[in-house]
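Working through the structure, step by step
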Amino acid sequence: MGEIMRLSRYFMPTLRENPAEAQIVSHRLMLRAGMIRQSSAGIYSWLPLGFRVLKKIENIVREEQDAAGCQELLMPTIQPADLWRESGRYDDYGKEMLRITDRHDRDMLFGPTNEELITDIFRNSVKSYRDLPRLLYHIQWKFRDEVRPRFGIMRGREFLMKDSYSFDLDYEGARRAYNKMFVAYLRTFARMGLKAIPMAADTGPIGGDLSHEFIILADTGESEVFCHADYLDFDPMMSGVDYEDDLQPIVDEWTRLYAATDEMHDPVAFAEQVPEDKALHTRGIEVGHIFYFGAKYSEAMGATVQQADGTEVPVEMGSYGIGVSRLVGAIIEASHDDAGIIWPEAVAPFRVGLINLKVDDSATRETCERLYAELSAKGMDVLYDDTDVRAGVKFATSELIGTPWQLVVGPRGVASGLVELRSRDGDVNEEISIDAAVTRVSG
Ligand code: 5CA
């Protein structure tokens, strides 16, 4: 067993009062739980508790990208302006791009996205159709000098994105890559306890003619959305999905019903296709966005491959983004109550909050340490509240930070071999033997 994660020594600066600057619940709770601190407008530090959640989300994204056959690499945050001059986006991007000059007076920029850089890597090393398809991704910080950074990390200026890029010989290949990402996204968000609905979307500065945004329904979301309510009953995990199969039927099923963001909304089609009692007109949070844009970048930047007959063609491309840091806020928007965050188990910073009600009692302390050791041995993340404060304060902190399980240990229970087990969602609240408790929370 490693070092015990003791709350008395853990850097988690919680706040009792609601911070005045936070307009939405996720921002309020992230500040109050000591997950993040703002360093300047739209730029945040991730404190230990927030960082744990960010890493868990990042890992789920990574596992699902890998499962879909996407390969991870890492591109830099700072890019040369010349690549963006080639694609024509250096001027198009306007004030949203953070422009930097190095000591040799070369124009650089902090990447808002990576289409140009990955196209440059590709064109320098891939020359033949035999080397296709390729599907690559990285998870890297981006910078967009947003006019109105707001809602904490939900619309930041610096934010963590997973971005994938596909390279194929023809439209059919590009469509296969698009479908792989479409299915991987459904699974990724479902694993985090989210219901993300793919919606027909505008392509904006990325460009192209086929695009879906993955949207979590939430009143505080920035996007206005219109969709068929039956999507909420679909099964996004699709266990047993084989990425080598034709995924078009799955994508067709998920795009059969009406779902569109504001920019793509067609009121006539919506009224025709969706019965009134199924029509959802609400708001949502965009957690992912996928694009097919064909030869937009490959043509401009000369990323061509030789075909079997010897002729050269620009590769067909798509790009696929997930807002990794935004997801932390989106999950909180979707899962909280008045007392605090209710983490889905897969992304919880700690699975168990172990609460010692009487820190100066040796039997209670020994029971806590034994529980800590047994849970850790089973691979459970445990935060041990060994602070010397009132029980009410401990419960409030525990509910604020939202660990899925709480194990409450006090001298009276310990004397009869019992601890109290509570689940954060309120479903479980019982006295249970110490051994049963370990099995129960690690099951
Ligand atoms: N190159 C494409 C796909 S890789 C791209 O940049 N797409 S994007 O602009 O839609 O961004 C991808 C995802 O990043 C979005 O779906 C959103 O979840 C997240 N995102 C975008 N802007 C911000 C921001 N200012 N703060 C936090 N997350 C953001």
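What counts, and where the lines are drawn
Residues numbered from 1 in each chain as written. Predicted model: local features only at pLDDT ≥ 70, side-chain atom pairs only at ≥ 80, totals over all residues. Heavy atoms only, no water. Helix = DSSP H or I, 4+ residues; strand = E, 2+ residues; numbered from the N terminus. Rg over C-alpha atoms; globule rule 2.2 N^0.38 Å. Areas by Shrake-Rupley, 256 points an atom, 1.4 Å probe, with all protein chains shown as cover. Lys, Arg positive; Asp, Glu negative; His and termini not counted. Charge placed at Lys NZ, Arg CZ, Asp CG, Glu CD. Core = buried A, V, L, I, M, F, W, Y, C linked by side-chain atoms within 4.5 Å. Buried < 20%, exposed > 50% of the residue type's maximum accessible area, 1.4 Å probe, protein only. Domains from an automatic or database assignment. Contact = heavy atoms within 4.5 Å. Pairing = 2+ DSSP bridges. Buried area = accessible area lost by both parts, 1.4 Å probe. Salt bridge = Lys/Arg side-chain N within 4 Å of Asp/Glu carboxyl O. Near = heavy atom within 4 Å. Polar contact = N/O pair within 3.5 Å; in protein donor to acceptor, adjacent residues only side chain to side chain. Nonpolar A, V, L, I, M, F, W, Y, C, P; charged D, E, K, R; others polar. Axes fitted to C-alpha atoms, helices over the stretch in contact; angles between N-to-C directions. Parallel < 35°, antiparallel > 145°, perpendicular 65-115°, else oblique.

A few points about the overall build of the protein
In terms of helices and strands, the protein carries 14 helices and 23 strands. For 443 residues, the compact-globule formula gives about 22 Å, and the C-alpha radius of gyration of the protein, at 24 Å, lands near that figure. Dimensions of the protein along its principal axes, counting C-alpha atoms only, are 80 × 60 × 45 Å. Total accessible area on the protein stands at roughly 19400 Å², and carbon and sulfur atoms take up 47% of it. Each charge class in the protein can be summarised by its mean position, and for the 49 positive and 73 negative side chains these summaries are 6 Å apart.

A word on the nonpolar core
By size, the foremost hydrophobic cluster in this structure holds 80 residues, and its most contacted members are Met35, Ile57, Phe189, Met192, Phe214, Val328 and Trp343. Considering every element that reaches this core, the biggest residue donor is helix H6 (residues 171-191), with 10 residues. In this structure, this core is formed jointly by two domains, domain 1 (4-9 + 350-442) and domain 2 (35-341), each of which donates at least three residues. Those residues in contact with Met192, other than ones at most four positions away along the chain, are Ile57, Ile60, Val61, Leu327, Ile331, Pro344 and Val347.

What to know about the environment of Pro80
Note that Pro80 resides in strand S4 (residues 78-80). Looking at Pro80, the relative accessible area reads 33%, which means it is partly exposed. Separated by 287 residues in sequence, Pro80 and Thr367 place their C-alpha atoms 58 Å apart. Leave out the neighbours within four places in its chain, and Pro80 touches Asp107, Met108 and Leu109.

Here we look at unusual backbone geometry
A cis geometry characterises the amide bond from Leu132 onward to Pro133, with omega recorded as -5°. Position of Pro133 relative to the elements: it lies in the loop between helix H5 (115-125) and strand S7 (134-143). A positive phi angle, close to 65°, is found at Asp105, a residue other than glycine. Topologically, Asp105 is positioned in the loop between strand S5 (98-101) and strand S6 (107-110). Note on Asp105: relative accessible area 63%, which makes it exposed. The phi angle at Phe151 is positive, at roughly 60°, despite the residue not being glycine. Tracing the backbone shows Phe151 in the loop between S7 and strand S8 (158-168).

Focus: the pairing of strand S23 (residues 429-433)
Side chains on a regular strand alternate between the two faces of the sheet. Inspection of the sheet shows strand S22 (residues 418-423) paired to S23 by five bridges, in the antiparallel sense. Bridge pairing in S23 links Val419 to Ile432.

Quick look at the domain arrangement of the protein
Per the domain assignment, the segments making up the protein are domain 1 (4-9 + 350-442) and domain 2 (35-341). Between the C-alpha centres of domain 1 and domain 2 the distance comes to 39 Å. Taken together, the eight residues of domain 1 in the interface contact seven residues of domain 2. At the boundary of domain 1 with domain 2, total buried surface from both sides reaches about 700 Å², with 45% on carbon and sulfur atoms. For the pair domain 1 and domain 2, the number of links is three salt bridges.

Concerning the site of the ligand
Contacts to the ligand come from 22 residues, most closely from Thr113, Glu115, Arg144, Gly156 and Glu286. Taking Thr113, its side chain carries an N or O atom lying 2.7 Å from a nitrogen atom of the ligand. A distance of 3.4 Å separates a nitrogen atom of the ligand from a polar atom in the backbone of Met154. Across the complex, the protein chains shield 96% of the 600 Å² of accessible surface that the ligand would expose by itself. Listing elements by their share of the shell around the ligand, those giving two or more residues are S8, strand S13 (279-294) and strand S16 (316-323). The class makeup of the residues in the shell around the ligand is eight nonpolar, seven polar and seven charged.

Brief notes about the sheet that holds S6
Hydrogen bonds between backbone groups are what pair the strands of a sheet, and the pairing can be parallel or antiparallel. Strand order in the open sheet formed by three strands is S4-S6-S5, and the pairing between neighbours is antiparallel. A single partner strand is all that each edge strand has here, and the edge strands are S4 and S5. Averaged over all pairs of adjacent strands, the angle between strand axes in this sheet comes to 40°, irrespective of strand direction. Note that S4 and S6 share three bridges and pair antiparallel. Paired with Ile78 across the bridge in S6 is Phe110.

Observations regarding the packing of helix H1 (residues 25-32) against helix H10 (residues 324-334)
For the pair H1 and H10, interaxial distance at closest approach is 8 Å and the crossing angle is 105°. Here H1 lies roughly perpendicular to H10, going by the angle between them. Contacts between H1 and H10 involve Val25, Ser26, Leu29 and Met30 on the former and, on the latter, Val328, Gly329, Ile332 and Glu333. A per-class count over the contact of H1 with H10 returns five nonpolar, two polar and one charged.

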